[in-house]
Amino acid sequence: MYYEKRPSKKAKKGYTWCVKFYYIDQAGFKRRYSKSGFETKAAAQAHGIQKQKELQEYAQLPEDKTVARLWEEWKKTLVFELAPGTMSNYEQIYRVHLSKRFGNRKINTITYSELQEYFDGLDLSLGYVKNIKAVLSHLFLYAMKDGSMTHNPMNDVTVHAKKKSASEGTLSLSDLEAICEAIDNNNNSRMSLQRKAMLKIFLYIGYYTGLRIGEILALQKSDIDFDSRILHVWKKVEDFNGHPKLTTEMKTMSSQADLPLCQPLYEILRDYCKDLNDSDLLITNSKGELAPQSNFRSALKREAARAGYPDFHPHQLRHTFVTNLIRSGLDPKTAAQLARHKTVSITLNVYTQMNSDDLSNAIVRAFP
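Everything in this summary refers to the structure shown in the same document. (Residues numbered from 1 in each chain as written. Predicted model: local features only at pLDDT ≥ 70, side-chain atom pairs only at ≥ 80, totals over all residues. Heavy atoms only, no water.)

A short note on the overall build of the protein chain
Thought 1: Helix and strand counts for the protein chain stand at 14 helices and eight strands.
Thought 2: Only carbon and sulfur atoms are counted for the fraction: they give 51% of the accessible area of the protein chain, which is about 21000 Å². (Helix = DSSP H or I, 4+ residues; strand = E, 2+ residues; numbered from the N terminus. Areas by Shrake-Rupley, 256 points an atom, 1.4 Å probe, with all protein chains shown as cover.)

In C-alpha cells:
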C-alpha cells in the first residue's frame, strides 16, 4: 500500500492524498485499487486499510469457504422462502448438531465416507435424522450453485434410526399421570402453581386431541365451545428468531378444524378455565404473553425426565392420540380426519404403532 500527494486547487491546503494497493480478486486476477481526495495522509491510510480488508474477504475463493460461512450466506436466501417455524428448526439443527462438527471445515474437504460415518453414529429418531440430512443436503446444493464444489456428497448418504419397540413413542394414561404427578411434586421455588397447571393442561390437551405444540400454545378460552363441546383449532404459535409469533397459517388446509371434546378433557378444561376471560390464552410465559415453543418443550422434557421418561418429547402426545384412535377400532379415514392429516397414508404409516396385543385382538375381532 502506498500514498501520493496530489495538487488540488479546490483543497484548502492546495493538495490531497491518494491511496493505492494491489489485490487478488475472486477470479484470481491481480487488480489495482486507488482512491484520491483525502485531506490527510492518515485519512487515506485508514480508508486503504479498511478497503483492503473488505476486498480480501470478498476475494476469498469459493472453494475456500467454510461450512459456517456458506450457512450464513444460504440462510439469507431462505428468509422469504421458508415458514418461520421451519427456519427456526433449521437453525436449531445447525446450531445443535452441525456447527461444532463441521462449522470450521472447508466445505469441499468434507467427504461421503465422513458424512456416512457421522450419520451412522446418530442415536436419534428417524424423522429427526432425516431433518438433519435435509439441512446438509440443501447446504451442499447451495455450495454447488455458489461454485464451492461440484458434487453433493449427501446424495450417496443413507440414514437410519435406532430400532424401537412397538410401544415406544406412545404414552399410556398412567404414563401421563406419572408425569403430572412429577410436576406437582416439583419443589423448585421458581415453579409456581400456575406454571404447574399450564404444564399439565398442555399434556392433557395433547393426549386427548393430538394437537401440535404450536396449536396448543395458541389456544384461548374463546376457542372452546363448552355448550357444544367443540374445540376450534385455527391458529398456532411459531418461534421466529427466538420470539413467539401467533399466525393463522397452519401446516396444511386440513389443520384448521372443529374437534369434539371427550368427557375427560371437557371436565379438565371446564375446571381450568373457570377463572379465565374469553380472550385469555390457556398457556403463557411468566409475563402472561405467548409462550415460545422451544422453552415450553424444554420444560416438559425436564419434568418427564424427573418422572422416569428421559426420551419424552411433546410430539409423542400426537403419536399416542392417533395410535389410540386406530387401536380402538376406528376406521383409518375417520382417524385421519380427527388427526387433521392431509392423507390417510400419513395416519397409517407415520403415527400408528401396533404391538402384538393389537394384532392378536384384530384377529379375534375378524374371526370371533
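A word on the sheet that holds strand 4 (residues 224-225)
Thought 1: As summarised here, the arrangement of the three strands in space is 4-5-8, forming an open sheet in which the pairing is antiparallel. The open sheet has two edge strands, strand 4 and strand 8 (257-260), and neither has a second partner.
Thought 2: Bridge count for strand 4 against strand 5 (residues 230-233) is two bridges, and the pairing is antiparallel. What sits directly across from Asp 225, in strand 5, is Ile 230. (Pairing = 2+ DSSP bridges.)

Description of the packing of helix 2 (residues 67-78) against helix 5 (residues 126-146)
Thought 1: The contact between helix 2 and helix 5 brings their axes to 10 Å, and the two run at 90°. Put simply, helix 2 runs roughly perpendicular to helix 5. Across the interface between the two elements, Val 67, Leu 70, Trp 71, Glu 73, Trp 74 and Thr 77 of helix 2 pack against Val 135, His 138, Leu 139, Tyr 142, Ala 143 and Asp 146 of helix 5.
Thought 2: Among the residues making up the contact of helix 2 with helix 5, the classes are represented as eight nonpolar, two polar and two charged. (Axes fitted to C-alpha atoms, helices over the stretch in contact; angles between N-to-C directions. Parallel < 35°, antiparallel > 145°, perpendicular 65-115°, else oblique. Contact = heavy atoms within 4.5 Å. Nonpolar A, V, L, I, M, F, W, Y, C, P; charged D, E, K, R; others polar.)

Digging into the environment of Phe 296
Thought 1: Here Phe 296 lies in helix 10 (residues 293-306).
Thought 2: Residues Phe 296 and Ile 213, 83 residues apart in the sequence, show an inter-C-alpha distance of 8.9 Å.
Thought 3: Apart from residues lying up to four places away in sequence, Phe 296 is in contact with Arg 195, Met 198, Leu 199, Phe 202, Leu 217, Ile 283 and Ala 291.

Re the packing of helix 4 (residues 112-120) against helix 5
Thought 1: It is at 11 Å that the axes of helix 4 and helix 5 come closest, and there the two elements cross at 160°. In terms of orientation, helix 4 and helix 5 fall into the roughly antiparallel class. Relative to helix 5, the crossing made by helix 4 is right-handed. Across the interface between the two elements, Leu 115, Tyr 118 and Phe 119 of helix 4 pack against Val 129, Ile 132, Lys 133, Leu 136 and Phe 140 of helix 5. (Left-handed = near helix turned anticlockwise from the far one by under 90°.)

What to know about the sheet that holds strand 1 (residues 2-7)
Thought 1: What the three strands build is an open sheet, ordered 1-2-3; its pairing is antiparallel. On the outer flanks of this sheet lie strand 1 and strand 3 (30-38), each paired with one strand and no other. Direction aside, the axes of adjacent strands within the sheet are offset by 25° on average.
Thought 2: Across six bridges, the pairing between strand 1 and strand 2 (residues 15-24) is antiparallel. From the neighbouring strand, Pro 7 faces strand 2, where its bridge partner is Tyr 15.

What about helix 10?
Along an α-helix, residues three or four positions apart point the same way, because every turn accommodates 3.6 residues.
Thought 1: Compared with the 20 Å implied by 1.5 Å per residue over 14 residues, the 20 Å span of helix 10 between its first and last C-alpha is a close match.
Thought 2: Every buried residue belonging to helix 10 is among Gln 293, Phe 296, Ala 299, Leu 300, Glu 303 and Ala 304, and all of these are buried. Buried positions in helix 10, seen along its axis, are confined to an arc of 135° and lie on one side of it.
Thought 3: In this fold, the buried residues of helix 10 make contact with helix 6 (173-184), helix 7 (193-209), helix 8 (213-217) and strand 6 (236-240).
Thought 4: Note on helix 10: the residue one or two positions beyond its end, Gly 308, has a positive phi of about 100°. (Expected span 1.5 Å × (residues − 1). Buried < 20%, exposed > 50% of the residue type's maximum accessible area, 1.4 Å probe, protein only. Arc of directions from axis to C-beta.)

A few points about the nonpolar core
Thought 1: Grouped together as the largest cluster of nonpolar side chains are 43 residues, with contacts concentrated most on Phe 202, Leu 203, Ile 205 and Ile 283.
Thought 2: Broken down by secondary-structure element, the contributors of at least two residues to this core are helix 6, helix 7, helix 8, strand 5, helix 9 (263-272) and helix 10.
Thought 3: Not counting the four nearest positions on each side in its chain, Leu 203 is found in contact with Leu 176, Ile 179, Cys 180, Ile 183, Leu 300, Phe 312 and Leu 317.
Thought 4: By size, the runner-up hydrophobic cluster in this structure holds 28 residues, among which are Leu 98, Leu 115, Leu 139 and Ala 143. (Core = buried A, V, L, I, M, F, W, Y, C linked by side-chain atoms within 4.5 Å.)

Some details on the pattern of salt bridges
Thought 1: In this structure the tally under the stated criterion is 17 salt bridges.
Thought 2: One salt bridge in this structure joins Glu 4 and Arg 6, with 3.3 Å as the shortest N-O distance.
Thought 3: Overall, the relative accessible area of 29% leaves Glu 4 in the partly exposed class.
Thought 4: By relative accessible area, which is 31% here, Arg 6 ends up partly exposed.
Thought 5: Between Lys 235 and Asp 223 there is a salt bridge whose closest N-O contact spans 2.4 Å. One end of the pair, Lys 235, is in the loop between strand 5 and strand 6; the other, Asp 223, is in the loop between helix 8 and strand 4, and twelve residues separate them in sequence. Taken as a pair, Lys 235 and Asp 223 share a single burial class, namely buried.
Thought 6: The network of salt bridges with shared partners includes Lys 65, Arg 69, Glu 73 and Asp 146. (Salt bridge = Lys/Arg side-chain N within 4 Å of Asp/Glu carboxyl O.)

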